[in-house]
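Report on the structure
Spelled out, the chains give:
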Amino acid sequence: MSTTLTTLDFVLLGLYLAGTLGLGLWIGRSVRTGEDFFLGGRRLPWWAIGMSLVATDIGGPDIIGVGGAAYSHGMAVANFEWIGCVPAMIVGALVFIPFFWRTGVTTIPEYLERRFDVRVRTALSLCWQIFMACNLGVMLLASARMMSELFGWGETTCILVTALLVGTYTIVGGLAAVVYTDMIQCSVMIVGCLGVLVLGLIELGGPAEFWSRLEPAQKALVLPVDTDTPFPWTGILFGLALILSPAYWIGNQAIVQRALGAKSAFQAQAAYVWGAMLKSLIPVIIVGPGLVAVLLYPDLKQGDHAFPQLVAVLLPTGLRGIFLAAFLAALMSSVDSYLNSASTLVAYDIYKRFIAPDADSRAMLRVGRRVTAGLVVWAIVCALLMARLDQGIYTIFQTLMSFFQGPALAVLIAGTLWKRATGTGALVGFLGGLMTTVGQFLLNNQAVCRYLGLKPLFQIEDPFLYYSIWGFLVSCCLLVAVSLATRREPDEKTALTVF
Amino acid sequence: MKTTFLHQIGETIRNAMAAVPLSLVGWIFVAIPLVLLIWVLSARIGDPDDGIEPHKARWLRIGAAFALLLQIVIYGLL
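Residue positions within a chain follow its written sequence, with the count starting from 1. Throughout, the order in which chains and ligands are written sets their labels, letters from A for the former and numbers from 1 for the latter. Since the coordinates come from a predicted model, pLDDT governs what is reported: local features require at least 70, and pairs of side-chain atoms require 80 or more to be given and counted, while whole-chain, interface and lining totals use all residues.

**Overview of the overall build of chain A**
Looking only at helices and strands, one finds 22 helices and zero strands in chain A. A radius of gyration in this sense is built from C-alpha atoms; the matching globule rule multiplies 2.2 Å by the number of residues raised to 0.38. The C-alpha radius of gyration computed for chain A amounts to 22 Å, which stays within 12% of the reference 23 Å derived for 499 residues, consistent with globular compactness. Its C-alpha atoms give chain A principal-axis dimensions of roughly 65 × 60 × 40 Å. Buried positions account for 62% of the 499 residues belonging to chain A. We call two residues in contact if the C-beta atoms placed from their backbones are at most 7 Å apart. Across chain A, contacts joining residues at least 24 apart in sequence account for 85% of those joining residues at least 6 apart. Where helices and strands are cited, they refer to DSSP runs of H or I of at least four residues and of E of at least two residues respectively, numbered from the N terminus. Any residue surrounded by 20 or more other C-beta atoms within 10 Å of its C-beta is treated as buried, while 12 or fewer makes it exposed and the intermediate range makes it partly exposed; C-beta atoms here are placed from the backbone.

**Let's talk about the overall build of chain B**
Within chain B, the secondary structure is distributed over three helices and zero strands. When the elements of chain B are put in sequence order from the N terminus, they spell out α-α-α. Taking 2.2 N^0.38 as the reference for a compact globule, 78 residues should give roughly 12 Å; the C-alpha atoms of chain B span a radius of gyration of 20 Å, well beyond that estimate. In terms of overall dimensions, chain B has C-alpha extents of about 65 × 30 × 20 Å along its principal axes.

**Notes on the nonpolar core**
When a protein is soluble and globular, its nonpolar side chains tend to lie buried together. To define a nonpolar core, we join buried Ala, Val, Leu, Ile, Met, Phe, Trp, Tyr and Cys residues through C-beta atoms within 7 Å and take the resulting set. With 199 residues, the main nonpolar core has A:Ile90, A:Leu140 and A:Val411 as its most contacted residues. The residues touching A:Leu140, leaving out its near neighbours within four places in the chain, are A:Ile159, A:Thr162, A:Ala163, A:Val335, A:Ala379, A:Ile380 and A:Ala383.

**Looking at the interface of chain B and chain A**
The interface of chain B with chain A comprises 38 residues on the first partner and 33 residues on the second. When residues of the side of chain B that touches chain A are traced back to their parent elements, those giving at least two are α1 (5-18), α2 (22-42) and α3 (54-77) of chain B. A per-class count over the side of chain B that touches chain A returns 24 nonpolar, nine polar and five charged. In the scheme used here, Gly and all other residues not listed as nonpolar or charged are polar, with Ala, Val, Leu, Ile, Met, Phe, Trp, Tyr, Cys and Pro taken as nonpolar and Asp, Glu, Lys and Arg as charged.

**Here we look at helix α8 (residues 155-204) of chain A**
What a helix is expected to span follows from its residue count: subtract one and scale by 1.5 Å. Over its 50 residues, α8(A) runs only 32 Å from end to end, short of the ideal 74 Å by more than 12%, given 1.5 Å per residue. Remark: the principal bend of α8(A), roughly 125°, maps to A:Gly174. Note that bend, as reported per residue, equals the angle between axes fitted to the 7 residues terminating at that residue and the 7 residues originating from it.

**Describing helix α13 (residues 265-279) of chain A**
The end-to-end C-alpha distance of α13(A), which contains 15 residues, comes to 21 Å, matching closely the 21 Å that a straight helix rising 1.5 Å per residue would cover. Most of α13(A) sits out of view: 14 of its 15 residues are buried.

**Let's talk about unusual backbone geometry**
Look at A:Arg42: it is not a glycine, yet its phi comes out positive at around 50°. Along the polypeptide, A:Arg42 turns up in the loop between α2 (34-39) and α3 (46-57).

**A closer look at the packing of α3(A) against α8(A)**
If you want to describe how two helices pack, look at the angle between their axes and the distance between the axes. All names here are of chain A. Simply put, an axis is a line fit to the C-alpha atoms, just over the touching stretch for a helix, and the angle between two N-to-C directions goes from 0 to 180 degrees. The geometry of α3 relative to α8 is characterised by a closest axis approach of 8 Å and an angle of 65° between their N-to-C directions. Seen along the crossing, α3 lies across α8 with a hand that is left-handed. Residues Ala48, Ile49, Met51, Ser52, Val54, Ala55 and Thr56 of α3 lie in contact with α8, whose contacting residues are Val179, Tyr180, Asp182, Met183, Gln185, Cys186 and Met189. Tallied by class, the residues present in the contact of α3 with α8 amount to 10 nonpolar, three polar and one charged. The crossing is said to be left-handed when, going from far helix to near helix, the turn is anticlockwise and less than a right angle, and right-handed when the turn is clockwise.

**Notes on the environment of A:Glu155**
Residues and elements named next belong to chain A. With respect to the helices and strands, Glu155 occurs in helix α8. Taking the C-alpha atoms as reference, Glu155 lies 7.8 Å from Leu141; in sequence the two are 14 residues apart. Dropping the residues within four chain positions of it, Glu155 is found in contact with Ala144, Arg145, Ser148 and Ala387.

**What about the packing of helix α5 (residues 86-103) of chain A against α13(A)?**
Residues and elements named next belong to chain A. Between α5 and α13, the least distance of the axes is 8 Å, while the angle of their chain directions is 165°. Judged by the angle between their axes, α5 and α13 are roughly antiparallel. At the point where α5 passes α13, the crossing takes the right-handed sense. On α13, the residues touching Val86, Met89, Ile90, Gly92, Ala93, Leu94, Ile97, Pro98, Trp101 and Arg102 of α5 are Ala265, Ala268, Gln269, Tyr272, Val273, Gly275, Ala276 and Lys279. Of the residues assigned to the contact of α5 with α13, the class counts are 13 nonpolar, three polar and two charged. Between 65 and 115 degrees an angle is taken as roughly perpendicular, under 35 as roughly parallel, over 145 as roughly antiparallel, and anywhere else as oblique.

**Observations concerning the environment of A:Ala325**
All names here are of chain A. In this structure, Ala325 sits in helix α16 (residues 319-355). Residue classification places Ala325 among the buried positions, given that 25 C-beta atoms sit within 10 Å. In this structure the C-alpha to C-alpha distance between Ala325 and Asp62, which are 263 residues apart in sequence, comes to 15 Å. Other than its neighbours up to four places away in sequence, Ala325 contacts Leu12, Leu13, Tyr16, Val188 and Gly192.

**A short note on the confidence of the model for chain B**
Here chain B averages 89 in pLDDT, while 92% of its residues score no lower than 70. Each residue carries a pLDDT value, the predictor's own confidence for that position, ranging from 0 to 100. For chain B, per-element mean pLDDT is lowest for α1(B), which scores 91, and highest for α2(B), which scores 95.

Structure follows, in structure tokens:
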């Protein structure tokens, strides 16, 4: 389905890339300290942060993966953007985010050390670092597949060019560059995806015709327990809405870090509310095209081919360049955020905590930039290795997250809301939950089950939502039991770290 | 293929959940944003110590309520 770009496409794409890079480098001129680099000098406005939150959450994997999941499984995947985001964002905005902002921490694991101890901080931080490092590879791979599919470019070239471009302005400009470029990328992404949707709807004869031709199962948001998709209502409600989503919006460093860089607690809250409003519209532009592709091209071999097919066939000369810019915008806005946040975790939770506690702000800036550069190299290697896997890109991302999100949420909620929770209880709860999710993953793996002669543990494909439920529940039980069996934390420790 | 007690626990829960009518589940998806909307409209929002004046708190409340209202409409209609 490879297609070619015209001069106009290249001009539009070039303008977008040059503008993004220029803005990032220009912002980088005012970065002088570690706080400037990691938290944008705590001067970021709500409107930029809100758009950055959305842009960070919608990455290349989402455009390809969510569109692909909509093609394969119908509209139920929109739950990830609606009930899987908005309620948690509102609770985060009104309860948790102002609380974290007031504590003055740079990372969520840093808060956990103040509340519990260094063991809990390090365990959580390491998990996030590993996840982010793998996720960087997933994101780069998504872009490479898209560009390879569309334009016949080599996957390796695509991975290298994207990583170096994003790496340059993230290394120079830090969080402020990430947030302001995200803002532009969010706008470009919405315009580009909306363009694909509109042209698809025109091709189908309009929205009414489109809606009437969809099967009821493709339009359903709530799917039965025995559905053959990864989205049964039990997983969506208990796994996504009640666990993965709050864990993501309240405990994901890449997300919360923006709010920590806000000018005030109010600005941080307003950013989340603004982001929640934008989130309500996102499924229309990324799930919609997947459903359009079902009707226009029902015989695609893989759901992940839906968006590329639409772009290759529907978009006229010039608009392909805009869509490619939109796709790159989505990808870059997520990669830059994860690069910056992963480097923040390494710099604060490893370097400053264990290696150089007296490092001044300029030293932290140097470390931040070097770690970011190292992560760019790592992401490239990771993407090249993952290219051999045949699994859906979105599923890889969600499965990785589901391993530790449930246990992490249990620790975070207990830490903020329950004074009796202790450091040992939190650590045992977290590790126990983590072992539960990884154990479930193994007991559901075909090769392992064949070796042990066991039936797979779950009956649905890709049961990542269920891993998080059980991980959360086991963590809660262990955390409560061990906390009650161990000495309570001193009052002076919990006074400022518990609601 | 052998099964373990974990499979049996899972099967029991699965059967119990499968017995819940989908129409009821649909209402639960509407009820979540609805309950949050009621909380947003009634909760004290904004801490004066953070410099959040009443008019700013009001805007936060309106924005949050609007986002939740959209969810209620989406899940109510679909």
